[in-house]
Amino acid sequence: MRHGSGAIRVWREARRVRPGAVTVLQLAALLAVAACADAGSDAGDEGALGALSFDEVGAAQLTFSSFGGRELQLMDGEWSDPMGGRERITLLPAYTAQVDIDGDGVHETVGLMQVFHLDYGEVYGLYSVAPGAEGPQMKADRLLLNDFELENFSVADGRVGLRTQRVGARGMVQRTEWTYRILNGGWELEMQRTLRSEDPS
């Protein structure tokens, strides 16, 4: 199993502002409104926590349901069996996003991980980690039990999208699109669409 180098992108929406479109007076008014909004937000949501960085998640102790609900201490984005076994977890920093993935008003850190699991072997997985009063908290994790090569990763509209490829019979390359979202506290497969197979020759 491989993950592509540079083939996977986290799409982020950006707004363009035309230079000179806002006057000085308009800018001052906008800043005043923003300051009032921030003050109101701070007063009404005291103690609110910001999105976690990848480094914060990669150094956290998290509960993984895909590993039987065990609490595992990550270091530099990785965990391996301290008894010398084959189990391991590696968070993939290139494939992460900070987004309110489940619509609860809290920005989670969402991303992909590579896992070696005793039951399933080497697979990919999804995770979502949120800030908590006592440190980072795992919101949901799931193993993706598919033998594929990852081509694309995207996050938009509360969903994670993946595009994968695998080599099938007679060397035909089959591409598939997958969409996952968090429902009832866990990652659920919302859509799977197989694209046209291609003959590599």
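Residues numbered from 1 in each chain as written. Predicted model: local features only at pLDDT ≥ 70, side-chain atom pairs only at ≥ 80, totals over all residues. Heavy atoms only, no water.

The helix and strand tally for the protein chain stands at two helices and eleven strands. For the protein chain, the N- to C-terminal ordering of α and β elements is α-α-β-β-β-β-β-β-β-β-β-β-β. For the protein chain, buried positions account for 36% of its 201 residues. A sequence separation of at least 24 residues applies to 44% of the contacts in the protein chain between residues at least 6 apart. Summed over all atoms, the accessible surface of the protein chain reaches about 12300 Å², with 49% contributed by carbon and sulfur. (Helix = DSSP H or I, 4+ residues; strand = E, 2+ residues; numbered from the N terminus. Buried < 20%, exposed > 50% of the residue type's maximum accessible area, 1.4 Å probe, protein only. Contact = heavy atoms within 4.5 Å. Areas by Shrake-Rupley, 256 points an atom, 1.4 Å probe, with all protein chains shown as cover.)

Our next topic: the pattern of salt bridges. If you walk through the whole model with that rule in mind, you get ten salt bridges. The partner of Arg163 in a salt bridge is Glu151, with the nearest N and O atoms 3.2 Å apart. Highlighted residues: Arg163 in strand S9 (residues 159-167) and Glu151 in strand S8 (residues 149-156), separated in sequence by twelve residues. Its relative accessible area of 28% is what places Arg163 among the partly exposed residues. (Salt bridge = Lys/Arg side-chain N within 4 Å of Asp/Glu carboxyl O.)

Taken together, the five strands give an open sheet; going across it, the order is S3-S4-S5-S6-S7, and neighbouring strands pair in antiparallel fashion. Here the strands that pair on one side only, and so sit at the sheet edges, are strand S3 (78-80) and strand S7 (137-144). Each neighbouring strand pair of the sheet contributes to a mean axis angle of 20 degrees, computed without reference to strand direction. Here nine bridges tie strand S5 (residues 108-117) to strand S6 (residues 121-130), and the two strands are oriented antiparallel to one another. Bridge pairing in S6 places Thr109 opposite Val129. (Pairing = 2+ DSSP bridges. Axes fitted to C-alpha atoms, helices over the stretch in contact; angles between N-to-C directions.)

Turning to the confidence of the model for the protein chain, a few remarks are in order. Per-chain confidence: the protein chain averages 80 in pLDDT, with 74% of residues scoring 70 or above. Under a pLDDT of 50 for its full length, residues 1-34 has, in the predicted model, 39 contacts with residues more than four places off or in other chains. Contacts from residues 36-48, a stretch scored under 50 in pLDDT, to residues over four places away or in other chains number zero contacts. (pLDDT = per-residue confidence, 0-100.)

Tallying each qualifying case throughout the model produces four aromatic pairs. Centre to centre, the rings of Phe64 and Phe67 are 6.4 Å apart; their planes meet at 80 degrees, and the pair counts as edge-to-face. Among the residues examined, Phe64 registers a relative accessible area of 1% and is labelled buried. Classification of Phe67 as buried rests on a relative accessible area of 3%. Ring geometry for Tyr95 and Phe153: centres 6.4 Å apart, planes at 45 degrees, overall tilted. Here the residue Tyr95 occupies a position in strand S4 (residues 88-99), and Phe153 occupies one in strand S8, the gap between them amounting to 58 residues. Across this residue pair, the class does not change: Tyr95 and Phe153 are buried. Counting every residue linked through ring pairs, the aromatic cluster contains Phe64, Phe67 and Trp79. (Phe/Tyr/Trp six-rings, centres within 6.5 Å; stacked < 30°, edge-to-face > 60°.)

A surface patch of like charges, here negative, comprises Asp55, Glu56, Asp76 and Glu78. With respect to the helices, strands and loops of the structure, Glu78 is situated in strand S3. With a relative accessible area of 44%, Glu78 lands in the partly exposed category. (Patch = residues over 30% accessible without salt bridge, like charges linked within 9 Å, V, L, I, M, F, W, Y side chains within 5 Å. Lys, Arg positive; Asp, Glu negative; His and termini not counted. Charge placed at Lys NZ, Arg CZ, Asp CG, Glu CD.)

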